[in-house]
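In case you want the letters, here they are:
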Amino acid sequence: MHTLDVITKKRDGGELSREEIEFFIRGYTEGSIPDYQASAWLMALFLQGMTDRETHDLTMAMAHSGDTLDLSDLTRSTEGGQKLLVVDKHSTGGVGDKVSLMLAPLVAACGVPMAKMTGRGLGFTGGTIDKLESIPGYRTDLSVEAFKAQVEDIGVVLTGQTADLAPADRKLYELRDVTATVESIPLIVSSIMSKKLASGADAIVLDVKVGNGAFMTTMEEAEALAHGLVRLGEQAGRQVVALISDMNQPLGWAVGNALEVREAISALHESGPRDFREHVLTVAAEMLQLSGRARDPNEALTLALDKLSSGAAWRTFRAMVEAQSGDVSAIDDPENLPQASLVEPVPAPRSGYLEGIDAAEVGLAVVDLGGGREEKGQPIDHSVGVVVHHKVGDLVQKGTPLFTVHANDEGRLEKARERVLAAHTFSDGPVQPLPLFYRRIVE
């Protein structure tokens, strides 16, 4: 079997066999297939698409390209003796999506093991690992042994994907980010589910974003992705729920790594933006029900609110940061997190109702500021970003702050200012606020 033949076959619209897919994934993982050929293969997949069978075979090949985790020994019991499932969560990527930072310690504080390996930014969307690395010293490279030990000890871990867990996905994920091959449903499905299958969770809640700040810009695309994810998870013997959520504006206010950590800390102290808090509580309630910790949505929500108001979720977050060698003084006083040297509030150019915010443009502005990557392996500036001050439907007065840019370079600040300003549109008449969620999908 030859690499060029596999690339050519898919380029010309052919359907790859399981053996051809496994050959390519094995070769790329081992290094015998270089980045330039993998880039060509990804583009062929992107342009020609994949059948359900090809997507399944790609997912399984990536899931088994390295080690797989068995988390059955982390399963806990309720007071009544019921076994709780280990539950994981994944977002398809959005702008201002710092959900895992609050969600993981909240669910863990409710008594459900939260063992999560997460990723870096992809395209204009931020990554949880990049956000966590805003905290000085925070380790995102835990070994499998340390990963499991920490869940046993404090109930929660948020770390990067280990080198030995689905290594094919880790390599392809970085390559997709810089080869314009991100927005492909089969590639997204295989990337997400290969990690989830390899990392050993019993049940998974999937947060599928839709809108101008998501990779799926239409409801049709989002539903196709959600059904594909749920179907593949069920085939692999996992309990899966997908929630389709809005991404036609940033989630919360802050977009940018350290800024989003600050916002998550505020939310854990029952402050911060309402939409972010409600989003996290909705996903947490789904996870608590899937795990068996709660019988229905009301019981799940009551439990989550109690752990939030009592400070248990914050204490769990703090314990996680400390366990992963993070500087807890930087979260006890977020002024110690990285800060940009230039902070400029930008006034609204007119009065009116906020009709729209192009979230992708806000995300790209943060990339322009240095808060995201344009090349594989590029370092990022954790301090920069944008804070929006209004939501769609708000009445805005001319001259009041519309958003604030955090930058370390005058030229980049000016470029971001113009880009984010153009991303805001206004209406003379009232505008309906956007919903947080649209659909709940199960098989």
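Now for a quick tour of the structure. (Residues numbered from 1 in each chain as written. Predicted model: local features only at pLDDT ≥ 70, side-chain atom pairs only at ≥ 80, totals over all residues. Heavy atoms only, no water.)

Relative to the elements of secondary structure, Ala180 occurs in the loop between helix H8 (167-177) and helix H9 (185-199). By relative accessible area, which is 56% here, Ala180 ends up exposed. Put simply, Ala180 and Leu42 are 138 residues apart on the chain and 9.4 Å apart in space, counted from C-alpha to C-alpha. Not counting chain neighbours up to four residues away, the residues in contact with Ala180 comprise Met43 and Phe46. (Helix = DSSP H or I, 4+ residues; strand = E, 2+ residues; numbered from the N terminus. Buried < 20%, exposed > 50% of the residue type's maximum accessible area, 1.4 Å probe, protein only. Contact = heavy atoms within 4.5 Å.)

For the rest of this paragraph, the subject is the layout of surface pockets. Empty space within the second largest pocket amounts to approximately 280 Å³. Lining of the second largest pocket is provided by 17 residues; of these, Gln249, Arg274, Asp275, Lys391 and Leu434 occupy positions nearest its centre. Here the lining of the second largest pocket takes three residues from helix H12 (residues 274-291), the largest share from any one element. For the lining of the second largest pocket, the residue count by class is nine nonpolar, two polar and six charged. (1 Å grid on protein atoms, 1.4 Å probe; cavity = no way out; pocket = protein on both sides within 12 Å on 5 of 7 lines; lining within 4 Å. Points joined across faces, edges and corners; volume = space filled by probe spheres on them. Nonpolar A, V, L, I, M, F, W, Y, C, P; charged D, E, K, R; others polar.)

Below, the discussion takes up the pattern of salt bridges. A side chain of one charge can pair with a side chain of the opposite charge if their charged atoms are brought near each other. If you walk through the whole model with that rule in mind, you get 29 salt bridges. Ionic pairing is found between Lys209 and Asp207, a salt bridge with its closest N-O pair at 3.0 Å. Asp207 matches Lys209 in its accessibility class, with the two residues each being buried. In this structure, the salt-bridge partner of Arg318 is Asp332, at a minimum N-O distance of 2.8 Å. Separated by 14 residues along the polypeptide, Arg318 in helix H14 (residues 312-323) and Asp332 in helix H15 (residues 329-332) bring together distant segments of the chain. The exposure class of Arg318 is partly exposed, given its relative accessible area of 28%. The network of salt bridges with common partners includes Glu361, Asp368, Lys415 and Arg419. (Salt bridge = Lys/Arg side-chain N within 4 Å of Asp/Glu carboxyl O.)

Ranked by internal contacts, the top residues of the largest apolar core, which has 103 residues, are Ile135, Val208, Leu288 and Phe317. Counting residues per element, this core draws most heavily on H12, at nine residues. Not counting the four nearest positions on each side in its chain, Phe317 is found in contact with Leu101, Pro105, Ile135, Ile265, Leu268 and Ile331. Counting 21 residues, the second-largest nonpolar core is a separate cluster that includes Val6, Tyr28, Trp41 and Met50. (Core = buried A, V, L, I, M, F, W, Y, C linked by side-chain atoms within 4.5 Å.)

Moving on: the pairing of strand E3 (residues 87-91). Among the five residues in E3, five count as buried, and that is most of the element. The side-chain alternation of E3 yields two buried faces, one formed by Val87, Lys89 and Ser91 and the other by Asp88 and His90.

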